[in-house]
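Below are the chains, spelled out letter by letter.
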Amino acid sequence: SAAAGAATGSANKPPALAHKGSSSTGGGSFESELAAFDEEEFAENRVENIENVYVDPTQLNSAALSEAVTIGGGGGGGSGAWLRRPVPSLSPATDALIFQQLEIDTYMGEHLAGMPGADASRVPILRMYGVTEAGNSVMCHVHGFLPYFYAPAAGLTEDLLPGFMRVLNQNLQQQQRVARDNLSEVVLSVELVMKESIMYFHNNRKLPFVRITLALPTYVTAARKILERGLDVPNLGFRAFETYETNIEYVLRFMIDTKVTGCSWIELPAGKWQLRTHQGSEENHDAFGKKGKGSSLFSNTYGDSAGGSGKTGLAAAVAGALAVSRTSHCQIEVDVAWDAFISHGAEGEWSKIAPIRILSFDIECAGRKGIFPEPEVDPVIQIANMVSINGDNSKPFVRNVFTLGTCANIVGSDVIACATEHELLRKWADFFRVVDADIVTGYNVINFDLGYLLNRAATLKVASFPFLGRIRGVKTTVRFATFSSKAYGTRENKVITMEGRCPFDVLQILQRDYKLRSYTLNAVSALFLGEQKEDVHYSHISELQNGNEQTRRRLAVYCLKDAYLPLRLLGKLMCVVNYMEMARVTGVPFSYLLSRGQQIKVVSQLFRKVREQNLVIPFVESGGSGDTQYEGATVIEPNRGYYENPIATLDFASLYPSIMMAHNLCYTTLVNPGMSNRPSEADCTKTPTGHIFVKPNLRRGVLPEILEDLLEARKRAKNDLKKETDKFKRAVLDGRQLALKISANSVYGFTGATVGKLPCLEISSSVTGFGRDMIKQTQEAVEKQYTIANGYQHDARVIYGDTDSVMVEFGVPDTHTAMKLGTEAAALISAQFIKPIKLEFEKVYFPYLLINKKRYAGLYWTNPDKYDKMDTKGIETVRRDNCPLVKNLIGTCLQKLLIERDKEGAVQFAKDTISDLLCNRIDISQLVITKALSKTADDDDDGEGDGGKKSGGGGAGKKKAYAVKQAHAELAERMRKRDAGSAPTLGDRVPYVIIRAAKNARAYEKSEDPLYVLEHNLPLDTAYYLENQLSKPLLRIFEPILGSRAQTLLDGDHTRTIAVATPTTGGLSKFTVRSIRCVGCKVPLARNEDAVCSNCKPREAQLFQQEIAGLHALEMKFSRLWTECQRCQGSLHEEVICTSCDCPIFYMRRKVQKDLSDQHEIVRRFDSW
Amino acid sequence: LSQHHPAQQASASSSSSDTANGQLERRAEASYASFNERFQVTQQRLFERQYSHIYFDRLHALKPIVLKRAQDRWTKPAAGLPAPSFVNQLVHLEIGRRCFAVGTLYKEMTLKPSILKEIAEERDLVPQPPRARYTSDDDFIVLEDSSGRVRLGGNFPSSELVTGDVVAVLGTEQSGGEFVVEEWLMAGPAPQPALDTASRMRGDELDPHVAIVSGLELGKSDQDPLALELLSEFLCGNLGGELNKDLAASVVRVVVAGNSLFNQKELEEASKPKYMARNAVSLGLQTTQQLDSILSNIASTCPVDVMSGPLDPTNHILPQQPLHRCLFPRAYALQTFQTVPNPYHVAVDGVHIMGTSGQPIDDMIKFQIGDDRLALLEHTLQGRHLAPTAPDTLACFPLNADPFILESSPHVYFAANQPEFATSVLKGEDGQSVRLVLIPTFSTTQTIVLLNLVTLECTPVCFRTIP
């Protein structure tokens, strides 16, 4: 996957040949795995029988289906499995319709008779998309919900309202849109209500507010601006108004008001809903968006997206309440009033999950040499697809690959060979609609694959292609969105519109949830699934495509694997379940979780809570200055060292949430310093930062209530989890408790986010202030209580404290006593704090290596008899910008120190490694540093996965000036000069090593391609690695142990021996003649001597044996490495073509080839051997 | 032999006292031809190649032979069943259709040593225990050709077969993608050169013999030095009475089948972590000189072929090249001494003798549940391949062509350096008769094998000193 490869940011994202590599269990090649799917299906007695399949002719264009049904057959579920189960007969009058909604969007449509809301030609209608428990797809039009907001009445009285409404309406009528929207009235109603602003404590007094209801959500902002600017209210004069709740999206407003949370179950009670049965007439209904000519009564007009041109359908006018034609590809399409359905909270029975279809796919494109594939030029040659049902062990029940040109049969998968690319794209789009997935996933499909397909289809003019959503006639479009968040950093993403389907890109999930060294599918699979994956350089892809049906088959197997791995990752990491629970807990739609930041989740919860209490939230212009600083969490200075006694760790459970609850910190309880009749001091809490909050007896805060609910729900979930035995239900519950915990913690962050919806630094700074005090208080209490004077064995000492935990050295030698004292201390000190603040004893570290603030390592014990694991924080085992040697060396040293308790062994190991490094005995793969090649200098560290977005302007040669000279960028430029074809392009990851160069050479000039280094035997700058990579991390961990002796690690005797390889290119090698030298004494040999000189001749047997011993080692290495790759690729008869530089043996394999050839030559020089 | 010479067991206890008599007066002679050329590796730029060529060549060479047998056997219509058809490429197998196909076997075994796993474990410092056997319940077997793979099931004795075997299978592919095997077969023993018994008879003298010894393992610490001394004396005709001397005189050639040297240090080094292995340690000169001296003694009375073995100082991977002459300055001065590759193939008096220093059998046994090494030896003949598990688990050169294919069956076929002596005869369909022999390791059994070139019978001769 040339394209797909670079898209994920690796030069060569592997076309999936992945076989089970290292830790496979019972698996051979991916092919056997594929084949095994068929077997299981057979055993399960495949339900889907083509005759029984309900074919909804409106779902697809009929030609597509008949074609679809006839293809396949070689496994892969067959196209019969593409369709969803038939719909049972449904009667709106007597049946309730129950489904789990996954996605909600909105469109402009005509008012439907019998439904609430304005009787206008253009009203906002919501669409809920979901799945029934039986697996049928549902689309539900929700009518009559109108946008509204509040403003303080500010002198407006009941009798002034009509005038106010008229003026506001007039002002809004000047908006250009009004004419286009054909609206007579923009403001539909204005009424007085009693509300209270959430900001500050007001003695619980409600004030009059006006509630303004508008015809369309798009006018809310305009109305806000008019009110803020001020308007001349009849009989009152010119007034400006603050506005409240003007910055909440229409969809979210709807969800809040109807108590719909993300992924909740929706019940349409019998008699309250209408079923759309009318299919629309087939000939005029064209799924692919050619608009009806207007002659048909039932031409599809509802499909216009919200922003589309407003066409009024005749259908409703003629058919009235009887029938409106269906507008979607969903199996069941219904209408309901916004206040006529029930949304079930995710408790008990309703925490179940519907059988959701997840489609994962991957494309391969045939790029040109050295150029990143461009959709205008380079063809799409294969698309592999896997579809699974969530919860169904993630086993895909549809497996197929669409290929350009013939492709030999693949057991376990359908091969759909297409003669032209046009046909390939058309058939795939048909497949996409028929299979009707709820969630679309893959690896970087959003930023690369989908966009590429859409552009390619546009280039080839495949008219039917870009209709991938569930609404007929609506084109799928791509736009760019920059997403910026404190937690996730700034990322530029594409947004692909697919109405009713949730894009759920595994790469995006991983980038959000995990900090990794590398985000290539290869690296991620190795990490989470424990598999190495074959990686084919994209120059090979065109070769394979241009070969025969066998080579294309090989490519197809890679492609299938690439489609399968994302599904496995989703399953393994429980992504769908966890995200769904997060949506339920926080109440936001599923798709927001990836497309939006943390704040929206708190906003959703806050609005929900506030509504119950008749509070309103002011509009705050976001984007205020982000430079307001307040003092953060504190740390007790670490007392660095290596502790060989157990160190007990006392943790505040959910520190920040519990502080907010304990001290009733909230917007609603904050006393405004300017408040006139302030409550008495006895009813207030003054925080360490000097802010004043009222106590709960005067007013219970909203935030503490939200937090209580969350933590209460978490407790319930954890209890249920203990009782639950079903594996899948356990996963759901575990996902929920995790989501609840994260949510509780994000409330504090929300109040501190200066660029946010409702920042309140009084709250956040008070929280951290309390936190600091509590840590100090804990320290004092422990050191006061646990003293020899009080009858304990030792004086306890707090050696370190950070944010919410305190490390205590009780001085006792065994874990049992330490744990006993820890538990006791936690209880003792907890009593000093206000509920629900609680100090907990969780674990001891023993031994414990405290390096610095936020840097430590130790063995982690929760059970006094056996340690749980080795725990490290802030140590070079996770950093991404160093070579693997550092990670491995530090990791091993820590193991020796902490687990084996062998200080000398650790020192010796470090010395040996340094010696090996200086003597050139370290495998080069250990020294490779990898960085992504990107346009901007500061983008390289986290940009590894998102090269795809740059594909548009990418390609070789187009290179902007780099702000800073970077080693890997310089190298890429040099490689381009050597061979444009194999040089890395933008978005690729560039692996490099640092080589020895002229004395004053800068670091960026010393970078070199590891393969080039191997071929030319270039000497590595081992001193660089010692000084710049190893020394700091090593000193860090050894200084607490060895003190000043640590330095000897870096300059002791073991560093005296240095070996340097002799380059075969560059520098002086041009001027030297390589003469044949004696193997024994290196003396140049005479012409008639082969291996040894006459002086060494008597030692010949010994010298020979020495060389032979070297040969042995290399031979074994060669054989083992190359057979490993032969196995990994799953074929004995084909050459290994993998170029995965992420694989730990890739460079070894190349190096041993060269070393063995050289060694073999030396041995052959011995006479006549 | 035993019928003629009941006392041929030269036991040290009975004959060590009687070593006074002089050299042999005359030694039997025999014609000799070498077929070892194909085991000599002379190609350049060898290691830029990969292993796929070997598999490709093997399948290419053996497929027609296996196919011929399969067609003979399976294309006769059986009762009630239509004759199965032959599917030339595995990818063209059809679900539900009874057919037969030919391909290379690959056994997927989770316990097979994997360098990837080792690297991962090296970093976790959890050593991988060395395994004597690789079998586990998760194993499965696939058939592969250059077009694809299919998993095999049904009536298939996967424990008898090893990776790299070329087989034909008759059966039906199930919808699950598994090919359920009804019957299977291999190439069967290759044709055998004719043997003219008369030319080998020596009238009223003893039948000529070839002595095969393996695993002298000089340099090993717990050696029995006397046994080696006795062996040398026996072969030189200095041991025992007339019978023993006659017997010694009938030995027309001594084959030293590998592992003549034993490098204790190197083995120790190999078990240490890599970073400790500073420089490979070579064997002391003393040990090689001792070997040179023993072999030159023997060679001065009788022709000696020295094969390379896994412990010898030559290349490790198969085919192993002959030991270098610089190791044998004295012996190489004699015309009667030569070093030969492993595998080894010669004809003595027209009797084709072929064998290995034991690596193929030692490797294949790891794929087995049982311990029948003779059966494995026979298996390689049936498969017409000396070392089927190479290159997968048995290291070999990445050659263009597969050097281990058996184009003809030898008359005597041995595997050396085995735990104990065993022998049997394989009878082929076309009248082939192959004497199979396991040559025991001398350093642990003090036993050599005498092969009668007329009867092709084998006799173990033990030089154990009785304590």
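Residues numbered from 1 in each chain as written. Chains lettered and ligands numbered in written order. Predicted model: local features only at pLDDT ≥ 70, side-chain atom pairs only at ≥ 80, totals over all residues. Heavy atoms only, no water.

### Looking at the overall build of chain A
For clarity, the cut-off: Counting from the N terminus, the helices are DSSP H or I runs at least four residues long and the strands are E runs at least two residues long. We call two residues in contact when some of their heavy atoms are within 4.5 Å. Per-residue and other accessible areas were derived by the Shrake-Rupley procedure at a 1.4 Å probe size, with only the shown protein chains allowed to occlude residues.
Scanning chain A for helices and strands turns up 30 helices and 34 strands. The long-range share in chain A, meaning contacts at least 24 apart out of those at least 6 apart in sequence, stands at 73%. For chain A, the exposed area adds up to about 44500 Å²; of that, 50% sits on carbon and sulfur atoms.

### Some words on the overall build of chain B
Filter applied, for reference: Remark: exposure states derive from per-residue accessible area (1.4 Å probe, protein chains only) relative to the maximum for the residue type, with buried under 20%, exposed over 50%, and partly exposed in between.
For chain B, the count of helices and strands is ten helices and 18 strands. Across the 467 residues that make up chain B, the buried fraction comes to 58%. Residue pairs in contact within chain B that sit at least 24 positions apart in sequence constitute 74% of those at least 6 positions apart. On chain B, roughly 18200 Å² of surface is accessible, and the fraction owed to carbon and sulfur atoms is 51%.

### Remarks on the packing of aromatic side chains
Given two aromatic rings, their pairing is described by the distance between the two centres and the angle made by the two planes. As a reminder of what qualifies: Each pair of aromatic rings taken from Phe, Tyr and Trp, with Trp reduced to its six-membered ring, is defined by centres within 6.5 Å and is described as stacked if the planes are under 30 degrees apart, edge-to-face if over 60, and tilted in the remaining cases. To sit over a ring, a charge needs its Lys NZ or Arg CZ within 6 Å of the ring centre and within 35 degrees of the ring normal.
Using the criterion set out here, one finds 40 aromatic pairs over all chains in the structure. Taking the centre distance of 5.1 Å and the plane angle of 70° together, the rings of A:F145 and A:W338 count as edge-to-face. Here A:F145, found in the loop between strand 3 (137-143) and strand 4 (148-152), pairs with A:W338, found in the loop between strand 11 (332-337) and strand 12 (342-344); they are 193 residues apart in sequence, far enough to count as distant. You can call A:W338 partly exposed: its relative accessible area is 26%. Measuring from centroid to centroid gives 5.0 Å for A:F504 and A:F590, while their planes differ by 40°, and the two rings are tilted. With A:F504 in the loop between strand 20 (502-503) and helix 11 (506-513) and A:F590 in the loop between helix 15 (575-586) and helix 16 (592-595), this pair connects stretches of sequence that are 86 residues apart. The class of A:F504 is buried, set by a relative accessible area of 2%. The lysine or arginine in question, B:R151, covers the ring of B:F140, its NZ or CZ lying 4.0 Å from the ring centre.

### Remarks on the pairing of strand 5 (residues 187-197) of chain A
For clarity, the cut-off: In this scheme, strands are said to pair when DSSP sees at least two bridges between them.
Relative to strand 6 (residues 207-214) of chain A, strand 5 of chain A is paired through eight bridges, and the arrangement is antiparallel. Residue pairing for strand 6 of chain A: A:L192 is matched across the bridge by A:V210.

### Re the sheet that holds strand 21 (residues 615-616) of chain A
All names here are of chain A. The four strands are arranged 4-6-5-21 in an open sheet whose pairing can be described as mixed. The sheet terminates laterally at strand 4 and strand 21, the two strands that pair on one side only. Note: strand 5 against strand 21, two bridges, orientation parallel. In the sheet register, E196 faces strand 21, and the bridge partner there is L615.

### Thoughts on the confidence of the model for chain A
Residues and elements named next belong to chain A. Here is the rule we go by: pLDDT gives the predictor's per-residue confidence on a scale running from 0 to 100.
On average, residues of chain A score 78 in pLDDT, and 80% of them are at 70 or above. pLDDT under 50 marks residues 1-28. Its contacts with residues more than four places away, or in other chains, come to 131 contacts. The low-confidence segment residues 42-74 (pLDDT under 50) makes 54 contacts with residues lying over four places distant or belonging to another chain.

### Details of unusual backbone geometry
The omega torsion of the bond from B:L318 to B:P319 falls at -15°, within 30 degrees of zero and hence cis. One non-glycine residue, A:Y200, lies in positive phi territory at about 70°. Residue placement: A:Y200 occurs in the loop between strand 5 and strand 6. In this structure, B:D349 is a non-glycine residue whose phi angle is positive, near 55°. Within the secondary structure, B:D349 is located in the loop between strand 12 (344-348) and strand 13 (351-356). By relative accessible area, B:D349 is classed as buried at 10%.

### Points about the environment of A:L707
Residues and elements named next belong to chain A. Residue position: L707 is located in helix 19 (residues 702-723). The class of L707 is buried, set by a relative accessible area of 0%. Sequence-wise, L707 and P657 are 50 residues apart; in three dimensions their C-alpha atoms are separated by 6.4 Å. The contact partners of L707, leaving out residues within four places of it in the chain, are P657, M660, M661, A744 and V747.

### Here we look at the packing of helix 17 (residues 599-612) of chain A against helix 19 of chain A
Residue and element names in this part refer to chain A. Rule in force here: For every element, the axis is a line fit to its C-alpha atoms; helices are fit only across the contacting stretch, and the angle between N-to-C directions ranges from 0 to 180 degrees. Throughout, the term roughly parallel applies to angles under 35 degrees, roughly antiparallel to angles over 145, roughly perpendicular to angles from 65 to 115, and oblique to all others. When the near helix sits turned anticlockwise from the far one by under a right angle, the crossing is termed left-handed; a clockwise turn instead gives a right-handed crossing.
For the pair helix 17 and helix 19, the least separation of the axes is 10 Å and the interaxial angle reads 110°. As far as their axial angle goes, helix 19 and helix 17 are roughly perpendicular. Classified by chirality, the crossing of helix 19 by helix 17 is right-handed. On helix 19, the residues touching Q605, L606, K609 and V610 of helix 17 are V702, L703, E705, I706, D709 and L710.

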